[in-house]
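Observations on chain architecture
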Amino acid sequence: MRESFLKILTVLMSFVVLCSTMSFTIDMHYCGDTLVDSALFKKAKSCGMEMQQTSDSGLSVVTKKKCCTDKQLILEGQDELKTSLDTFTYEQQVFVASLHYTHLDVFLKSEAYKISFPEYPPPLLVKDIHVLNETFLI
């Protein structure tokens, strides 16, 4: 059970490190107040409304105020993973030490009861003579 717990904990911690170091970009396209499209890692598709109409000569004829907006949400990942133990306060160090000490016995395997002479098993008791004679050592 301990090995499976350690494997699960290892996979979980690797996902935490992976997610904390990756950078995400979420691109959103709004038409007015309505969200039209959102995309992760790429540019969102527009709603298809062109703000300027062009004539045959290539000059812009009509210019309207834009009703569409593009917003980007950028989540930067952590660049440096190495942390120093000097940044921990004394109270944090005491907490980690006490947590480790109190939970040490929970996850350690207990040793099985050792039989001193496995080749010579004890005799089988037919009757408990001390109880039958009511003789007890005080």
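Coordinates for the structure precede this section.
To keep things clear, this report deals only with the structure shown in the data block.

How each quantity is defined
- Residues numbered from 1 in each chain as written.
- Predicted model: local features only at pLDDT ≥ 70, side-chain atom pairs only at ≥ 80, totals over all residues.
- Heavy atoms only, no water.
- Phe/Tyr/Trp six-rings, centres within 6.5 Å; stacked < 30°, edge-to-face > 60°.
- Lys NZ or Arg CZ within 6 Å of the ring centre and 35° of its normal.
- Helix = DSSP H or I, 4+ residues; strand = E, 2+ residues; numbered from the N terminus.
- Pairing = 2+ DSSP bridges.
- Axes fitted to C-alpha atoms, helices over the stretch in contact; angles between N-to-C directions.

**Here's the deal with the packing of aromatic side chains**
What the rule picks out here adds up to zero aromatic pairs. Above the ring of Tyr-30, the side-chain terminus of Lys-71 is found at 5.2 Å from the ring centroid.

**What about unusual backbone geometry?**
Despite not being glycine, Glu-134 has its phi angle at roughly 55°, a positive value. If you trace the backbone, Glu-134 turns up in the segment after helix 4 (129-133).

**Examining the sheet that holds strand 5 (residues 68-75)**
Pairing in this open sheet of three strands is antiparallel, and the strands run 2-1-5 from one edge to the other. Two strands in the sheet have a free side with no partner beyond their single neighbour: strand 2 (34-40) and strand 5. Along the sheet, successive strands turn relative to each other by an average axial angle of 20°, direction set aside. Strand direction decides the pairing type here: strand 1 (residues 24-31) and strand 5, joined by eight bridges, are antiparallel. Pairing of Tyr-30 across the sheet is with Thr-69, part of strand 5.

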